[in-house]
Amino acid sequence: MIAAHLPILQVVIPLIAAPLSVFCRRPALAWWLAMLVSVVSLYISIALLDRVLDQGTLSYVLGNWAAPWGIEYRIDAANAIVLLIISGISTAVLPYTRVSIAKEVEAHNQGLFYTCYLLCFTGLLGMVITGDAFNAFVFLEISSLSTYVLVALGARQDRRALTAAYTYLIMGTIGATFFVIGVGLLYMMTGTLNMADLAQRIPAIGANRTLVVAFAFIVTGIGLKLALFPMHLWLPNAYAFAPSAVTVFLAATATKAAVYLLLRFLFTVFGTDFHIFGPALSYLLLPLAVLAMFAASTVAIFQVDIKRMLAYSSIAQLGYMVLGISLGTVTGLTAAIIHLFNHALMKGALFMALGAVVYRFGGAGIDQMRGLGRLMPWTMAAFVVGGLSLIGVPLTVGFISKWYLIAGALESGLWPLAILVVASSLLAVIYIWRVVEAAYLDEPAAGATAGEAPAALLIPTWMLVGANVYFGIDAGLTTHVAEQAAHVLLGSAT
Amino acid sequence: MGGSDFLGLFNYWIVIVLMMLGLYTVVSRGNLVKKIIGLNIFQTSVFLLYISMGKVAGGTAPILTGDPKEVYSNPLPHVLILTAIVVGVATTALGLALVVRIKNAYDSIEEDEIQAADDEMEFGVEPAAKDGPP
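**Focus: the overall build of chain B**
Here's step 1: Counting secondary structure elements, chain B contains 5 helices and 0 strands.
Here's step 2: Helices and strands in chain B line up, N terminus first, as α-α-α-α-α.
Here's step 3: Put simply, chain B has 134 residues, and 22% of those count as buried.
Here's step 4: In chain B, once contacts between residues fewer than 6 apart in sequence are set aside, the share between residues at least 24 apart is 44%.

As structure tokens, then:
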């Protein structure tokens, strides 16, 4: 009975818990509620992934209104894996959040923090699970609006969090509005909002200018949300000034949900037969992805604030995902989806380690990193393993991502791309090395006595570090799911 | 295109004008409140786009009258836009709330003054050339 309703429970449980947590007067109580919801959501997404792998695509109609008229939740391998990433990261981040937020956010805001957190969580899950284009917009806005608040909560540490949140609000709203314009034009042409239904009707219309405009609006809108290279300006400050726990959660999940939405619209809704599909991938997404890989990595090298450095690195890493997408082949998409999963793990671990430094020192400038290898050995060790994973050293998840990406490039006959992927990884070596050098080769600042971070921060960090290594050695699960997702998206279901 | 086409597409011309006005205001104004107003105009143009596309020529409000020959406008885009209006209101409220906080923190709502205050904090004295992070 319950099993049949898992798709809706995935979204409704956190949605109902969010207003409930307002009534929890004590932050601890709100935290317990969020933690409980997160664990239940993780359980549901594992169950959904299991069923999808077993039975293929699941469809759930809301309120018993049949598919093209009512809202449909449609789950296949592509979104089941993203649901797992979001709820898994949330479950890993929340134990960390409790200690980190207690220090970084005003006491009277801590209870409400979890309300926003749960709303953001709901929005991300909703936009991934839904099979309805307009519904995706609504969930996108739910997650975005709560994200702006979460970013602004960093204002106690640094007032620039406010301007970062404001900029994000302006850019995010423009992005979401572009998306909804595109969806409107699609509705105008097809009379439907259901993604599967759209996919069937669009080819029948053929080459049509309104569809091209809709395509452009949707890709640009989602591009703004996922910080595709020239539209990334909101991201560095939002990540740098948000509370540490928020940065971890956003870096690991928010852009991933946007990447998923791009995949879904490009491949399922418009489809590979759409007449400007090929040019859009090879003349728009591919160059932008390569530019992101190099430009953002280069900027990252010169950052003084390490949190902002990792934010720029995220833009570069999103470039790898878009690169995989732009290849438009099964291997390329597999690489993109594997990296989606792997990047969540590596950036999660890196930002958590950095959050522990912020917890101790109140900031994460390169100067604060000096001598930390001795002062906070466990934190810095986690940072190093995360960094190695980011670079793509064997036995970490980063290696698996790069391996598939290079395989995808070679398979498409684009060997220069394979070289570019390796070359841009070398830039990652430079910016990670700067931190390692400061932490292990420099003397600690005089009078720096701070010791290791509390266990409540270290244990979640090392859980993610462990996942980096585990999925780096045994990549069977991720590659299997990612391959299946790629087949579903390309319509060549196995 | 003939004059009747222009008049027939009147709604859509207004949509384009409002959309560009709004977007231009967001980009060009340094005042944070004016930016929000621009964003509002931009969103309103989209509401109009949706509402226009739901209109059926000669159609009436979609309320059942029992007359089988009655032509109704398409209610779905109108309902969608009710949701989008709520989203727009929430965005405006949140944006203005952030502006209030920024005003308290910086004592200004002008973008360039806020930028100058941030630069001063980051680089010490006011820098002659703005060569901060891009």
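Having seen it, we continue.
**Focus: the overall build of chain A**
Here's step 1: What chain A contains, in helices and strands, is 19 helices and 2 strands.
Here's step 2: A compact globule built from 494 residues would reach a C-alpha radius of gyration of about 23 Å, and chain A, at 21 Å, matches this within 12%.
Here's step 3: In terms of overall dimensions, chain A has a C-alpha envelope of 70 × 55 × 40 Å along the principal axes.
Here's step 4: With 494 residues in all, chain A has 63% of them scored as buried.
Here's step 5: Put simply, 79% of the contacts in chain A that link residues at least 6 apart link residues at least 24 apart.

**Notes on the environment of Asn135(A)**
Residues and elements named next belong to chain A.
Here's step 1: Relative to the helices and strands, Asn 135 is located in helix 5 (residues 133–152).
Here's step 2: Residue Asn 135 is classed as buried on the basis of its 22 C-beta neighbours within 10 Å.
Here's step 3: Asn 135 sits 64 residues away from Ile 71 along the chain, and the two C-alpha atoms are 7.6 Å apart.
Here's step 4: Not counting residues up to four positions away in its chain, the partners in contact with Asn 135 are Ile 71 and Thr 130.

**What to know about the domain arrangement of chain A**
Residue and element names in this part refer to chain A.
Here's step 1: When the domains of chain A are assigned, the result is domain 1 (1–170 + 227–265) and domain 2 (276–494).
Here's step 2: Averaged C-alpha coordinates put domain 1 and domain 2 at centres separated by 21 Å.
Here's step 3: Contacts between the two partners involve 35 residues from domain 1, matched on the other side by 40 residues from domain 2.
Here's step 4: Put simply, the parts of the chain that give the side of domain 1 that touches domain 2 at least two residues each are helix 3 (77–104), helix 9 (234–241) and helix 10 (244–270).
Here's step 5: In terms of residues, the side of domain 1 that touches domain 2 owes the most to one element, helix 3, which gives 14 residues.
Here's step 6: Split by residue class, the side of domain 1 that touches domain 2 holds 25 nonpolar, 6 polar and 4 charged.

**Some points on the interface of chain A and chain B**
Here's step 1: Contact with chain A, which involves 25 residues of that partner, is made by 27 residues of chain B.
Here's step 2: At the level of secondary structure, the elements contributing two or more residues to the side of chain A that touches chain B comprise helix 5 and helix 6 (160–190) of chain A.
Here's step 3: Tallying contributions element by element places helix 6 of chain A first for the side of chain A that touches chain B, with 15 residues.

**Some points on the nonpolar core**
Residue and element names in this part refer to chain A.
Here's step 1: The biggest cluster of nonpolar side chains holds 230 residues, and the ones touching the most others in it are Ile 81, Val 151 and Ala 165.
Here's step 2: Three or more residues apiece are contributed to this core by two domains, here domain 1 (1–170 + 227–265) and domain 2 (276–494).
Here's step 3: Setting aside chain neighbours within four positions, we find Val 151 in contact with Ala 161, Ala 164, Ala 165, Tyr 168, Ala 238, Ala 242 and Val 246.

**Some remarks on the environment of Phe10(B)**
All names here are of chain B.
Here's step 1: Residue position: Phe 10 is located in helix 2 (residues 10–28).
Here's step 2: We classify Phe 10 as exposed; it has 11 C-beta atoms within 10 Å.
Here's step 3: Remark: the alpha-carbon pair of Phe 10 and Ser 52, spanning 42 residues in sequence, is separated by 9.9 Å.

**Some points on helix 11 (residues 277–301) of chain A**
Residues and elements named next belong to chain A.
Here's step 1: Taking 1.5 Å per residue as the helical rise, helix 11 with its 25 residues ought to reach 36 Å, and the 35 Å between its terminal C-alpha atoms agrees with that figure.
Here's step 2: Residues of helix 11 that are buried: Ala 280, Leu 285, Leu 288, Ala 289, Val 290, Ala 292, Met 293, Ala 295, Ala 296, Ser 297, Val 299 and Ala 300.
Here's step 3: Elements in contact with the buried residues of helix 11: helix 8 (209–225), helix 12 (306–327) and helix 17 (415–441).

**Describing the confidence of the model for chain A**
Parts of the prediction with low pLDDT should not have their coordinates interpreted in detail.
Here's step 1: Of the residues in chain A, 98% reach a pLDDT of 70 or more, and the chain-wide mean stands at 91.
Here's step 2: Confidence, read as mean pLDDT per element, is least for helix 14 (residues 372–375) of chain A in chain A (86) and greatest for helix 5 of chain A (95).

**Some details on the environment of Pro19(A)**
Here's step 1: Within the secondary structure, Pro19(A) sits in helix 1 (residues 6–22).
Here's step 2: Along the primary structure Pro19(A) and Arg374(A) are separated by 355 residues, whereas in three dimensions their C-alpha atoms are 44 Å apart.

**Some words on the confidence of the model for chain B**
Here's step 1: Overall, the prediction assigns chain B a mean pLDDT of 86, with 90% of residues at 70 or greater.
Here's step 2: The ipTM, which scores confidence in the relative placement of chains, is 0.90 for this predicted complex, and the corresponding pTM is 0.93.

**Here we look at the packing of helix 13 (residues 330–361) of chain A against helix 15 (residues 377–391) of chain A**
Residue and element names in this part refer to chain A.
Here's step 1: One way to put it is that helix 13 packs onto helix 15 with a least axis distance of 8 Å and a crossing angle of 150°. With respect to their mutual orientation, helix 13 and helix 15 come out roughly antiparallel. As for how helix 13 packs across helix 15, the hand of that crossing is left-handed. On the side of helix 13, the interface is formed by Met 346, Ala 349, Leu 350, Ala 353, Ala 356 and Val 357, while helix 15 contributes Thr 379, Ala 382, Phe 383, Gly 386, Gly 387, Ser 389 and Leu 390.
Here's step 2: Residues that form the contact of helix 13 with helix 15 fall into these classes: 9 nonpolar, 4 polar and no charged.

**Considerations on the packing of helix 3 of chain A against helix 18 (residues 455–473) of chain A**
Residues and elements named next belong to chain A.
Here's step 1: Put simply, helix 3 and helix 18 touch, their axes get as near as 8 Å, and they point 155° apart. Considering the angle they form, helix 3 stands roughly antiparallel to helix 18. Note on packing geometry: the crossing formed by helix 3 with helix 18 is left-handed. For the pair formed by helix 3 and helix 18, the contact residues are Ala 92, Val 93, Pro 95, Tyr 96, Arg 98, Val 99 and Ser 100 on the first element and Ala 456, Leu 457, Pro 460, Met 463 and Leu 464 on the second.
Here's step 2: Here the residues of the contact of helix 3 with helix 18 sort into 10 nonpolar, 1 polar and 1 charged.

**Quick look at unusual backbone geometry**
All names here are of chain A.
Here's step 1: Here the phi dihedral of Asn 64 falls at roughly 60°; this positive angle occurs in a residue that is not glycine.
Here's step 2: Relative to the helices and strands, Asn 64 resides in the loop between strand 1 (58–61) and strand 2 (72–75).
Here's step 3: For Asn 64, a count of 6 C-beta atoms within 10 Å corresponds to the exposed category.

**Re the pairing of strand 2 of chain A**
Residues and elements named next belong to chain A.
Here's step 1: Burial along strand 2 is two-sided: Glu 72 and Arg 74 and Tyr 73 and Ile 75, pointing in opposite directions, are all buried.
Here's step 2: Of the pairings in the sheet, the one linking strand 1 to strand 2 comprises 4 bridges and is antiparallel in character. If you follow Leu 58 over to strand 2, its bridge partner there is Ile 75.

Reading guide: rules and limits
- Residues numbered from 1 in each chain as written.
- Chains lettered and ligands numbered in written order.
- Predicted model: local features only at pLDDT ≥ 70, side-chain atom pairs only at ≥ 80, totals over all residues.
- Helix = DSSP H or I, 4+ residues; strand = E, 2+ residues; numbered from the N terminus.
- Buried ≥ 20, exposed ≤ 12 C-beta atoms within 10 Å, placed from the backbone.
- Contact = placed C-beta atoms within 7 Å.
- Rg over C-alpha atoms; globule rule 2.2 N^0.38 Å.
- Domains from an automatic or database assignment.
- Nonpolar A, V, L, I, M, F, W, Y, C, P; charged D, E, K, R; others polar.
- Core = buried A, V, L, I, M, F, W, Y, C linked by C-beta atoms within 7 Å.
- Expected span 1.5 Å × (residues − 1).
- pLDDT = per-residue confidence, 0-100.
- Axes fitted to C-alpha atoms, helices over the stretch in contact; angles between N-to-C directions.
- Parallel < 35°, antiparallel > 145°, perpendicular 65-115°, else oblique.
- Left-handed = near helix turned anticlockwise from the far one by under 90°.
- Pairing = 2+ DSSP bridges.

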